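Here are the chains, one letter per residue:
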Amino acid sequence: MLLPPAVKTVSIPKDNGGTRKLGIPTVGDRIAQMVVKLYLEPEVEPHFHPDSYGYRPAKSALDAVEKARERCWKYDYAIDLDIKGFFDNLDHSLIMRAVKKHTSEEWILLYIERWLKAPVQAEDSTVLSRECGTPQGSVISPLLANIFMHYAFDKWMKENLPLVPFERYADDALVHCKSEQQAKYVLEAISKRLELCKLELHPEKTKIVYCKDELRKGSYKNEQFDFLGFTFRPRLSKNRKGRHFVNFSPAISDKAKKKDKCNH
């Protein structure tokens, strides 16, 4: 197979102090990827789960945050999922298997396979082969990631844990549970499912959170989480009668505030 030119990588800072590598395809590949995206997206979009919010027409991160807010009021516990190196570790054969469920067009399958296998040119000009992953920064990567996660997570959740709601934005996901016992069971099941799909949950960043409010007494080791630039935690609120009460709700996270100040 004739591979396309190497994808140049550029490192950008992450909120946690690390760096994220973006892959920058050539102009020609970006145009070709847009053509494939415009063809494939209408084919897959009707199949996607309503609680998948990332990189989709007429859906946004704020929609996901609002739905999470509603569900944190209804469910005592939330699982804050963090997939380790998501875009870097997507299995090529599983991506292709998922894409083939939605198209048999040989030219689309050929192009996608070529882009997945395209070598990577590091910032020191070293060219490396790529055995897995799809580079962040390419036009087609978000759609491929959504197709992959539709089968690896969304569809699996609907079929195996139909009473457990979730919100997913690309690789950021929240899962809502009635009890700590249920949350532990669900987390274990999700971890095993993702392992089958050759992905791993980050052992330190993935956590079960108690959505503590006025009626939920007691304490728990985790009582807050960050989701799409918002921090969810117990907050003092005021009702219409002027009475103060504790409410589990989101507000812009400190990281997002600092980022916004830097941009101004």
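Further up the page is the structure itself.
Residues numbered from 1 in each chain as written. Predicted model: local features only at pLDDT ≥ 70, side-chain atom pairs only at ≥ 80, totals over all residues. Heavy atoms only, no water.

This paragraph deals with the overall build of the protein chain. Check the secondary structure of the protein chain and you find 8 helices and 11 strands. Residues classed as buried in the protein chain amount to 45% of the 264 residues present. For the protein chain, the computed accessible surface area is about 14,600 Å², with 52% contributed by carbon and sulfur atoms. (Helix = DSSP H or I, 4+ residues; strand = E, 2+ residues; numbered from the N terminus. Buried < 20%, exposed > 50% of the residue type's maximum accessible area, 1.4 Å probe, protein only. Areas by Shrake-Rupley, 256 points an atom, 1.4 Å probe, with all protein chains shown as cover.)

Side chains of Val27, Ile31, Val35, Tyr39, Trp107 and Tyr111 sit close together on the surface and give an oily, nonpolar patch of about 550 Å² of accessible area. Only helix H1 (27-44) and helix H5 (106-117) provide two or more residues apiece to the nonpolar patch. Top contributing element to the nonpolar patch by residue count: H1, with 4 residues. Take Val27: it is sitting in helix H1. (Patch = residues over 30% accessible without salt bridge, like charges linked within 9 Å, V, L, I, M, F, W, Y side chains within 5 Å. Salt bridge = Lys/Arg side-chain N within 4 Å of Asp/Glu carboxyl O.)

Here we come to helix H7 (residues 180-196). A rise of 1.5 Å per residue sets the reference length of H7, with its 17 residues, at 24 Å; its end C-alpha atoms lie 25 Å apart and thus fit the reference within 8%. Where H7 is buried, its residues meet strand S3 (77-82), helix H6 (141-160), strand S7 (172-177) and strand S8 (207-210). Where H7 ends, the next residue or the one after it, Lys198, has phi of about 65°, a positive value. (Expected span 1.5 Å × (residues − 1). Contact = heavy atoms within 4.5 Å.)

The next point concerns the nonpolar core. Formed by 51 residues in total, the largest nonpolar core has its most connected members in Ile79, Leu81, Ile112, Ile147, Met157, Val175 and Ile190. Considering every element that reaches this core, the biggest residue donor is H6, with 11 residues. When neighbours within four sequence positions are excluded, Leu81 is seen to be in contact with Phe153, Asp171, Ala173, Val175, Leu187, Ile190, Leu201 and Thr206. In terms of nonpolar packing, the next biggest core, distinct from the first, is built from 16 residues, Ala64, Cys72, Val209 and Phe248 among them. (Core = buried A, V, L, I, M, F, W, Y, C linked by side-chain atoms within 4.5 Å.)

Bringing the packing of aromatic side chains into the picture now. Enumeration over the complete set of coordinates arrives at 10 aromatic pairs. An angle of 80° between the planes, with centres 5.1 Å apart, marks the rings of Phe86 and Phe87 as edge-to-face. Among the residues examined, Phe87 registers a relative accessible area of 7% and is labelled buried. Three or more aromatic residues link up through ring pairs in this structure, and these residues are Tyr77, Tyr210 and Tyr220. Directly above the aromatic system of Tyr151 lies the positively charged group of Lys101, at a separation of 5.5 Å from the ring centroid. Taking the ring centre of Tyr75 as reference, the NZ or CZ of Lys178 above it sits at 4.5 Å. (Phe/Tyr/Trp six-rings, centres within 6.5 Å; stacked < 30°, edge-to-face > 60°. Lys NZ or Arg CZ within 6 Å of the ring centre and 35° of its normal.)

Here Lys84 shows up in the loop between S3 and helix H3 (86-89). Here Lys84 falls in the partly exposed class, since its relative accessible area comes to 38%. Along the backbone, Lys84 and Asp171 are 87 residues apart, and their C-alpha atoms lie at a distance of 9.3 Å. Residues contacting Lys84, with those up to four places away along its chain left out, are Asn89, Glu200 and His202.

A separate point is the packing of H6 against H7. Look at H6 against H7: their axes get within 10 Å of each other, and the N-to-C directions meet at 145°. Our pair here, H6 against H7, has a crossing hand that is right-handed. Two secondary-structure elements touch here, H6 through Tyr151, Ala152, Phe153, Trp156 and Met157 and H7 through Ala189, Ile190, Arg193 and Leu194. Its residues assigned to classes, the contact of H6 with H7 comprises 8 nonpolar, no polar and 1 charged. (Axes fitted to C-alpha atoms, helices over the stretch in contact; angles between N-to-C directions. Left-handed = near helix turned anticlockwise from the far one by under 90°. Nonpolar A, V, L, I, M, F, W, Y, C, P; charged D, E, K, R; others polar.)

Let us look at the sheet that holds strand S10 (residues 230-238). Hydrogen bonds between backbone groups are what pair the strands of a sheet, and the pairing can be parallel or antiparallel. Strand order across the open sheet formed by 3 strands is S9-S10-S11, with antiparallel pairing between neighbours. Strand pairing shows two members of the sheet lacking a second neighbour, strand S9 (225-227) and strand S11 (244-252), which therefore form its edges. For this sheet, the mean inter-axis angle between neighbouring strands, taken without regard to orientation, is 50°. With 9 bridges joining them, S10 and S11 adopt antiparallel strand pairing. Its bridge partner being in S11, Ser237 is matched across the sheet by Phe245. Of the strands in this sheet, S9, S10 and S11 touch helix H2 (residues 61-74), which is tilted by about 55° from S10. (Pairing = 2+ DSSP bridges.)

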